[in-house]
Amino acid sequence: MINNMIYNYVNRAQLAINDWQCSGEIYYLAQAKAELTEAVLLADELAKKKPAFLQYSAETQGHFAFSFLHDTPEEALEDIRPVLNVGDLVIVYQQEESQWQPYIDMDDLIEEFISQADDEAGEASEAWCDFISGNALAQARKELDEQLNDVLEAWLRKHKIDAGWYDRAGVEGTYRFCGDKFIRVGKAGDDA
């Protein structure tokens, strides 16, 4: 969810910069700065988080094959061994439990409100639509965005709703299969 919130802040900053380019009003630069400041604070928070524990999986470039999650790189290599040919390169990936959570995108929500108003009243709703999406309510929309996402996050925690999948966290190493053993051909961090 934090990544999604960072993207939202950056997107709003980009919109504010676009508004500044069109109007030249300093207000928009201040708004962009505030949005980017929030994005940086969240990115710093995300960078400080350490994965609970890593799992490992292995894939080969020679033909389509992958292993399930394992506690060690050695277990991942042993799992993929039956499908390998001598000389195959195997990449062992670090995997961590995904921290993804759904989020409420305020811009999408406002667009939905505008669509509903238009369906209800047509042209008569234009003033309301302009007001709800205008600069006068920018801070109020940001406040609503934070409150709705706080409620969603609390609901997800209460009901223990997690992503339930693993994301690649990096490369542990690259190995060549020599028939009876694996020889490491790349150190962690050297592989892409």
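Quick caveat, the model's predicted, so the values are computed rather than measured. (Residues numbered from 1 in each chain as written. Predicted model: local features only at pLDDT ≥ 70, side-chain atom pairs only at ≥ 80, totals over all residues. Heavy atoms only, no water.)

Engineer: What am I meant to see in unusual backbone geometry here?
Structural biologist: With glycine set apart, most residues show a phi of negative sign, and most peptide bonds adopt trans. For Lys 160, which is not a glycine, the phi torsion comes out positive at approximately 50 degrees. Within the secondary structure layout, Lys 160 lies in the loop between helix H6 (138-158) and strand S3 (166-177). Judged by relative accessible area, which is 71%, Lys 160 ranks as exposed. (Helix = DSSP H or I, 4+ residues; strand = E, 2+ residues; numbered from the N terminus. Buried < 20%, exposed > 50% of the residue type's maximum accessible area, 1.4 Å probe, protein only.)

Engineer: Just checking my understanding: could you explain the pairing of strand S2 (residues 89-97) for this structure?
Structural biologist: Along any regular strand the residues' side chains alternate between the sheet's two faces. Relative to S2, strand S1 (residues 54-60) runs antiparallel, the two sharing 7 bridges. Within S2, the residue paired with Tyr 56 across the bridge is Gln 94. Two elements, S2 and S3, share 9 bridges in a ladder whose sense is antiparallel. Looking at S3, one finds that Val 90 is bridged to Tyr 175. (Pairing = 2+ DSSP bridges.)

Engineer: I keep staring at the packing of helix H4 (residues 106-121) against helix H5 (residues 126-133) and nothing clicks. Help me out?
Structural biologist: Geometrically, a packed helix pair is captured by the angle between its two axes and the distance between the axes. The interhelical angle for the contact between H4 and H5, taken along N-to-C directions, is 170 degrees, at an axis separation of 10 Å. One element, H4, and the other, H5, form an angle in the roughly antiparallel class. Contacts between H4 and H5 involve Ile 110, Phe 113, Ile 114 and Ala 117 on the former and, on the latter, Trp 128, Cys 129, Ile 132 and Ser 133. For the contact of H4 with H5, a count of residues per class yields 7 nonpolar, 1 polar and no charged. (Axes fitted to C-alpha atoms, helices over the stretch in contact; angles between N-to-C directions. Parallel < 35°, antiparallel > 145°, perpendicular 65-115°, else oblique. Contact = heavy atoms within 4.5 Å. Nonpolar A, V, L, I, M, F, W, Y, C, P; charged D, E, K, R; others polar.)

Engineer: Please explain the pairing of S3 as it appears in this structure.
Structural biologist: Taken together, the 4 bridges between S3 and strand S4 (residues 182-186) define a ladder with antiparallel strand orientation. What sits directly across from Thr 174, in S4, is Gly 186. Taken together, S3 and the strand that follows it, S4, pair antiparallel across an intervening segment of 4 residues, in which Gly 179 is found at a positive phi of about 95 degrees.

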